[in-house]
Amino acid sequence: MTTPAVTTPAVTAAATTAPATTPAASVEAHGTEARGTELERRIAQDPGGFRVLTGDRPTGPLHLGHYFGSLLNRVRLQNLGVEVVVLIPDYQVITDRDTAERLGEYTDGLLLDYLALGIDPARSTVFCHSAVPALNQLMLPFLSLVSVAELNRNPTVKDEIAHSRQSTVSGLMLTYPVHQAADILSCKGNVVPVGRDQAPHLELTRTIARRFNERYGAVFQEPDIMLSAAPLLLGTDGTKMSKSRANSVPLGATADETARLIRGATTDAERHITYDPDARPNVSSLVLLAALCLDRDPHEVAAEIGDGGAAALKRTVTDAVNSHLAPFRARRAEYAKDLTFVRSVLRAGNERANALAEATLDEVREAMGAFR
Ligand code: TRP
């Protein structure tokens, strides 16, 4: 994928540190170089001055890539005292497919994952698009602030069009980054922790905020992107790990399913196990996964397996993942017994998001000359 180098000083790598309750100190090591960044410093000084807005499309179960890449970071920010708003963008599911399949099931799954991870409904908000009409109303003024040429040259959208399941490009596909700006700005989110592929969308959000302010008066702050510093894990087939491809280990999988998925992972013909991400991406991604779960150096993990080959590597990875996730999975199973409570978390979150988005829409109407 071709993502442009982002030149804005607002781009910051996140320190993906584990929350105190999650035994994932390994990610801390990977985030340390980013610890001193300007945004992290500002957040540490005044966590109450920040509102994080981020989300996961309900298109499948969250997996280990999400866990090390973004989920731990959200919980870390929450525990620092930052207000965290998590969006389940259900309307955006139909961006690259005709219908939203198993929406209820995937939404329940996301809620279970968030709660089991330590997203605390007393401090954080989880909501979905379809429950917040005021958010969707921002689409109209925001669309007026961007050109067709700008929409056409978004590199992430281009890439998604290339991989879409649809034969034609819908207007939604082309404009969903504008909808994403509405997601962020409706809640006045000012920090958006996402992967590098989302940088063009964040740039567009900043552009929309700036142009709105220039045209109508200061309503929006330009949000900062917080890029994950966690290394990328590959899927079990050696391609990008994705919740809608069957190539990941879901966080909520059982220990046996985990073993089966890892046993099926692609390796290579070389028996001696080493950690060499450039020359041996598949083997190295497995080594890295074990190292992250064990909070150890990947070279050491590889050296210990040595001539044990792929079978020993996969046993090590399976044991590491299963023991690392055991406490999370136990909490998840507890929440799964009480779906009434779990769904009430989303209902309360929707109420809060409605209040935020309605207040923003009022300001927008006022600034634009009060259409009433
Ligand atoms: N587009 C994001 C993704 O595919 C999901 C998303 C939708 C999002 N709205 C958002 C992320 C707002 C951050 C902020 O991962």
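On a predicted model such as this, the values are computed, not experimentally measured, just so you know. Position numbers for residues count from 1 along each chain, tracking the sequence in the order it is written. Since the coordinates come from a predicted model, pLDDT governs what is reported: local features require at least 70, and pairs of side-chain atoms require 80 or more to be given and counted, while whole-chain, interface and lining totals use all residues. Processing note: side-chain calculations cover all non-hydrogen atoms of the structure and skip hydrogens and water entirely.

### Observations regarding the site of the ligand
Argument step 1. Around the ligand, a shell composed of Leu53, Thr54, Gly55, Leu87, Pro89, Gln92, Gln180, Asp183, Ile184, Val192, Val194 and Gln198 is seen.
Argument step 2. Polar contacts here mean pairs of N or O atoms no more than 3.5 Å apart (in protein, one a potential hydrogen donor and the other a potential acceptor; neighbouring residues in sequence count only if both atoms are side-chain atoms). For the ligand, a nitrogen atom lies 3.1 Å from a polar atom in the side chain of Gln198.
Argument step 3. Values of accessible area rely on a 1.4 Å probe in the Shrake-Rupley scheme; residue burial ignores everything except the protein chains shown. When the ligand sits alone it has 370 Å² of accessible area, and the protein chains cover 86% of it.
Argument step 4. Runs of E in the DSSP output that reach at least two residues are strands. Runs of H or I that reach at least four are helices, and both are numbered from the N terminus. Broken down by secondary-structure element, the contributors of at least two residues to the shell around the ligand are β2 (51-55), α9 (171-186) and β5 (191-194).
Argument step 5. In the shell around the ligand, the residues fall into 6 nonpolar, 5 polar and 1 charged. Proximity is defined per residue: if any heavy atom of the residue lies within 4 Å of a molecule or strand, that residue is considered near it. Under this grouping Gly is polar, as are all residues other than the nonpolar Ala, Val, Leu, Ile, Met, Phe, Trp, Tyr, Cys and Pro and the charged Asp, Glu, Lys and Arg.

### Describing unusual backbone geometry
Argument step 1. Not every positive phi belongs to a glycine, and Arg102 is a case in point at roughly 50°.
Argument step 2. The phi dihedral of Asp295 falls on the positive side, at around 55°, and the residue is not glycine.
Argument step 3. Examined against the element boundaries, Asp295 turns out to sit in the loop between α12 (281-294) and α13 (298-305).

### Focus: the pairing of strand β4 (residues 125-128)
Argument step 1. Where burial is concerned, the two faces of β4 agree: the one with Thr125 and Phe127 and the one with Val126 and Cys128 are both buried.
Argument step 2. DSSP-based pairing: two strands are paired if at least 2 bridges between them are found. Pairing between strand β3 (residues 83-88) and β4: 4 bridges, direction parallel. Paired with Val85 across the bridge in β4 is Thr125.
Argument step 3. Traced from β3 through helix α4 (residues 103-117) to β4, the parallel crossover comes out right-handed. Each residue is assigned to one of three classes by its accessible area relative to the maximum for its type, calculated with a 1.4 Å probe on protein chains only: buried under 20%, partly exposed between the two thresholds, exposed over 50%. A clockwise course of the path from the first strand over the helix to the second, judged with the strands pointing away from the viewer, identifies a crossover as right-handed.

### Quick word on the pattern of salt bridges
Argument step 1. For this analysis, a salt bridge means a side-chain nitrogen from Lys or Arg found within 4 Å of a carboxyl oxygen belonging to Asp or Glu. Taken as a whole and assessed by the stated rule, the structure comprises 24 salt bridges.
Argument step 2. A salt bridge links Glu105 to Arg102; the nearest nitrogen and oxygen atoms lie 3.0 Å apart.
Argument step 3. Each of Glu38, Arg41, Arg42, Glu203, Arg206, Arg210, Glu222 and Asp224 takes part in one network of salt bridges that share partners.

### Overview of the confidence of the model for the protein
Argument step 1. Confidence scores labelled pLDDT are given residue by residue by the predictor and lie between 0 and 100. Of the residues in the protein, 90% reach a pLDDT of 70 or more, and the chain-wide mean stands at 90.
Argument step 2. Confidence drops under a pLDDT of 50 for residues 1-33, and excluding neighbours within four residues, the segment shows 85 contacts in the predicted structure. Contacts are assigned to residue pairs with any non-hydrogen atoms lying within 4.5 Å of each other.

### Considerations on the nonpolar core
Argument step 1. Nonpolar core, defined: a set of buried Ala, Val, Leu, Ile, Met, Phe, Trp, Tyr and Cys residues in which side-chain atoms within 4.5 Å join the residues together. Core analysis: the biggest nonpolar cluster contains 58 residues, and Leu64, Phe68 and Tyr114 have the highest contact counts within it.
Argument step 2. Ranked by residue count, the leading element in this core is α12, at 9 residues.
Argument step 3. The residue makeup of this core includes at least three contributed by each of domain 1 (13-230 + 338-368) and domain 2 (243-335).
Argument step 4. Beyond its immediate stretch of four places on either side in the chain, Leu64 contacts Leu233, Met241, Val249, Leu251, Leu289, Val321 and Leu325.
Argument step 5. Counting 36 residues, the second-largest nonpolar core is a separate cluster that includes Leu53, Leu87, Leu135 and Leu138. Annotation comment: domain bounds sourced from an automatic or database domain assignment.

### What to know about the packing of aromatic side chains
Argument step 1. Ring geometry is summarised as follows: Phe, Tyr and Trp rings, the Trp one being its six-membered ring, pair when their centres sit within 6.5 Å, and such pairs are stacked at plane angles under 30 degrees, edge-to-face over 60 and tilted between the two. Tallying each qualifying case throughout the model produces 6 aromatic pairs.
Argument step 2. Relative to Phe68, the ring of Tyr67 lies with its centre 4.9 Å away and its plane at 85°, an arrangement referred to as edge-to-face.
Argument step 3. A residue is classified by how much of its surface remains accessible, and Tyr67, at 1% relative accessible area, is buried.
Argument step 4. Feature note: the residues Phe142, Phe212, Tyr216 and Phe220 constitute an aromatic cluster, connected by ring pairs.

### Notes on the packing of α12 against helix α14 (residues 309-336)
Argument step 1. Packing of α12 against α14 leaves a shortest axis separation of 8 Å and a crossing angle of 35°. The two elements α12 and α14 meet at a crossing, and its hand is left-handed. Here Val283, Leu286, Val287, Leu289, Ala290, Cys293 and Leu294 of α12 lie close against α14, whose contacting residues are Leu313, Thr316, Val317, Ala320, Val321 and His324.
Argument step 2. A breakdown of the residues in the contact of α12 with α14 according to their chemical character gives 11 nonpolar, 2 polar and no charged. For every element, the axis is a line fit to its C-alpha atoms; helices are fit only across the contacting stretch, and the angle between N-to-C directions ranges from 0 to 180 degrees. When the near helix sits turned anticlockwise from the far one by under a right angle, the crossing is termed left-handed; a clockwise turn instead gives a right-handed crossing.

### Side note on empty space enclosed by the protein
Argument step 1. Grid points spaced at 1 Å over the protein atoms alone were grouped into cavities, where a 1.4 Å probe fits but cannot get out, and pockets, open sets with protein on both sides within 12 Å along at least five of seven lines, with lining residues defined by an atom within 4 Å of a point. Grid points are joined across faces, edges and corners, and a volume is the space filled by probe spheres set on the points. By the definition in use, this model includes 3 cavities of 30 Å³ or more.
Argument step 2. Each pocket or cavity is described by its volume, and for the largest cavity that value is around 130 Å³.
Argument step 3. Lining the largest cavity we find 14 residues, and of these Leu234, Gly235, Thr236, Ser285 and Leu286 sit closest to its centre.
Argument step 4. Of all the elements, α12 adds the most residues to the lining of the largest cavity, at 4 residues.
Argument step 5. When its residues are assigned to classes, the lining of the largest cavity shows 8 nonpolar, 6 polar and no charged.

### Observations concerning the side chain of Asp113
Argument step 1. Along the chain, Asp113 falls in helix α4.
Argument step 2. Owing to a relative accessible area of 2%, Asp113 belongs among the buried residues under this scheme.

### Some thoughts on helix α11 (residues 255-263)
Within an α-helix, residues lying three or four positions from one another point in the same direction, as the helix has 3.6 residues per turn.
Argument step 1. Within the span of α11, buried status applies to Thr258, Ala259 and Ile262. The buried residues of α11 occupy an angular sector of 100° when projected down its axis, which confines them to one face. In α11, the exposed positions angled more than 90 degrees off the buried face are occupied by Asp256 and Arg260.
Argument step 2. Buried positions along α11 lie against α12 and α14. Directions from the helix axis toward the C-beta atoms define the arc.

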